[in-house]
Amino acid sequence: MGNLSNPTYISAILKRHDYRAQKKYGQNFLIDDHILSEIIDAADITKEDTVLEIGPGIGTLTEELAKAAGQVIAVEIDSNLIPILEESLFNFSNITIINKDILKTDIKAIAEEYNDEKPLKVVANLPYYITSPIIMELLERRLPIESITVMVQKEVANRMVTGPGSKDYGALSLAVQYYTTPKIICDVSANCFMPRPNVDSTVIKLTVNEEPSVQVKDEELLFKCIRASFNQRRKTLVNGLRNYQPLNVEREQAAEAIEKSGFSKDVRGETLSLKEFAILADNLL
Ligand code: SAM
């Protein structure tokens, strides 16, 4: 591993550039070589791959990605980090740094321009304040992405892998499990970052499914049913469906679909599996 995970080196480079980590951008730089190796191994990168890194920071993960991959496209929102990245990654000719907000970046255009429209592998130590919007954006838009290997807050990783019966189960769990096969790679202590965050973290890999894991006639309707259920998770499913404006269903119609799906009339949405939500959505059509 290079110097970029060494806290003394990081402090020196930040001082030289008169730079302070920005809380508003969720900046917690990785300082643990073992975790860096875990991420690189889990992402399963070869010289054939183009990697999209979200938030390279000072370039710690970027450097290791560039050693393993054909090329790395790194999108960083903070313009003050760009001179630092240019200095720290000076030796690499296979890294492109884009100074942009990932939520305003055309990822499809990146795959077209840098990877002949072939799928990218996404790898990141994600900024925690926008983890869910980033993951949802990557999945819902059906972008050319093969896998997403990311560091997230531990609790968010649990939400991605859990099923009915857990308090963590919700719309994020169902979306992640619809589009991908998630796998927890390892837990990461707060001590592995500088500055130290207030939460523990987890590396998770989401392998994008070629076909969604359940079949439905109307995907948009499926996700409306899911949102309706978790918007008011303490309410019965029939009330949740009826109260959710974008669904626009009458109580009788909702009750009929629930009965036709074989669920009890006072079932709560939070007890349904993805497969059961798919059955419900098809019966609401
Ligand atoms: N990859 C570095 C590491 O592992 O040490 C830094 C990770 S730090 C947790 C998150 C990084 O994402 C920061 O560099 C931050 O500036 C950047 N970031 C925050 N919001 C972003 C956004 N909307 N688009 C792109 N980068 C963003």
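Figured I'd write up the structure that's included with this text. (Residues numbered from 1 in each chain as written. Predicted model: local features only at pLDDT ≥ 70, side-chain atom pairs only at ≥ 80, totals over all residues. Heavy atoms only, no water.)

### Observations regarding the pairing of strand β5 (residues 120-125)
Next, step 1: Counting buried residues in β5 gives 6 out of 6 residues, a clear majority hidden from the surface.
Next, step 2: The two faces of β5 match: L120, V122 and A124 on one face and K121, V123 and N125 on the other face are all buried.
Next, step 3: When strand β2 (residues 50-54) meets β5, the two strands line up parallel, connected through 3 bridges. Paired with E53 across the strands is V123, a residue of β5.
Next, step 4: Sheet topology places β5 next to strand β6 (residues 145-153); 6 bridges connect them, and they run parallel. Paired with L120 across the bridge in β6 is I145.
Next, step 5: As for the winding sense of the linkage, the β-α-β connection from β5 through helix α6 (residues 131-140) to β6 is right-handed. (Buried < 20%, exposed > 50% of the residue type's maximum accessible area, 1.4 Å probe, protein only. Helix = DSSP H or I, 4+ residues; strand = E, 2+ residues; numbered from the N terminus. Pairing = 2+ DSSP bridges. Right-handed = clockwise from strand over helix to strand, strands pointing away.)

### Section: the pattern of salt bridges
Next, step 1: By the definition in use, this model includes 14 salt bridges.
Next, step 2: K121 is the salt-bridge partner of D49, the closest N and O atoms lying 3.0 Å from each other. Highlighted residues: D49 in the loop between α2 (33-43) and β2 and K121 in strand β5, separated in sequence by 72 residues.
Next, step 3: R268 serves as the salt-bridge partner of E270, at 2.9 Å between the closest nitrogen and oxygen.
Next, step 4: Through salt bridges with shared partners, a single network forms among R233, R234, R268 and E270. (Salt bridge = Lys/Arg side-chain N within 4 Å of Asp/Glu carboxyl O.)

### Brief notes about unusual backbone geometry
Next, step 1: For the peptide bond that leads from M194 to P195, omega is -10°, which places it in the cis range.
Next, step 2: Along the chain, the position of P195 falls in the loop between β8 (193-194) and β9 (201-208).
Next, step 3: In this structure, D18 takes a positive phi of about 50° despite not being glycine.
Next, step 4: For D116, which is not glycine, the phi dihedral falls at a positive 50°.

### Examining helix α7 (residues 154-161)
Next, step 1: For α7, the full list of buried residues reads V156, A157 and M160. Each buried residue of α7 lies within a common arc of 100° when the element is viewed along its axis, so the set occupies one face.
Next, step 2: The elements touched by buried residues of α7 are α6, β6, α8 (171-179), β7 (180-188) and β9. (Arc of directions from axis to C-beta. Contact = heavy atoms within 4.5 Å.)

### Details of the site of the ligand
Next, step 1: Lining the immediate surroundings of the ligand are 22 residues, of which Q27, G55, E76, N125 and Y129 lie closest.
Next, step 2: Here an oxygen atom of the ligand and a backbone polar atom of L30 are 2.9 Å apart.
Next, step 3: Note that a nitrogen atom of the ligand is positioned 2.8 Å from one of the backbone N or O atoms of G55.
Next, step 4: For the ligand, the accessible surface in isolation is 590 Å², of which the surrounding protein chains cover 99%. (Near = heavy atom within 4 Å. Polar contact = N/O pair within 3.5 Å; in protein donor to acceptor, adjacent residues only side chain to side chain. Areas by Shrake-Rupley, 256 points an atom, 1.4 Å probe, with all protein chains shown as cover.)

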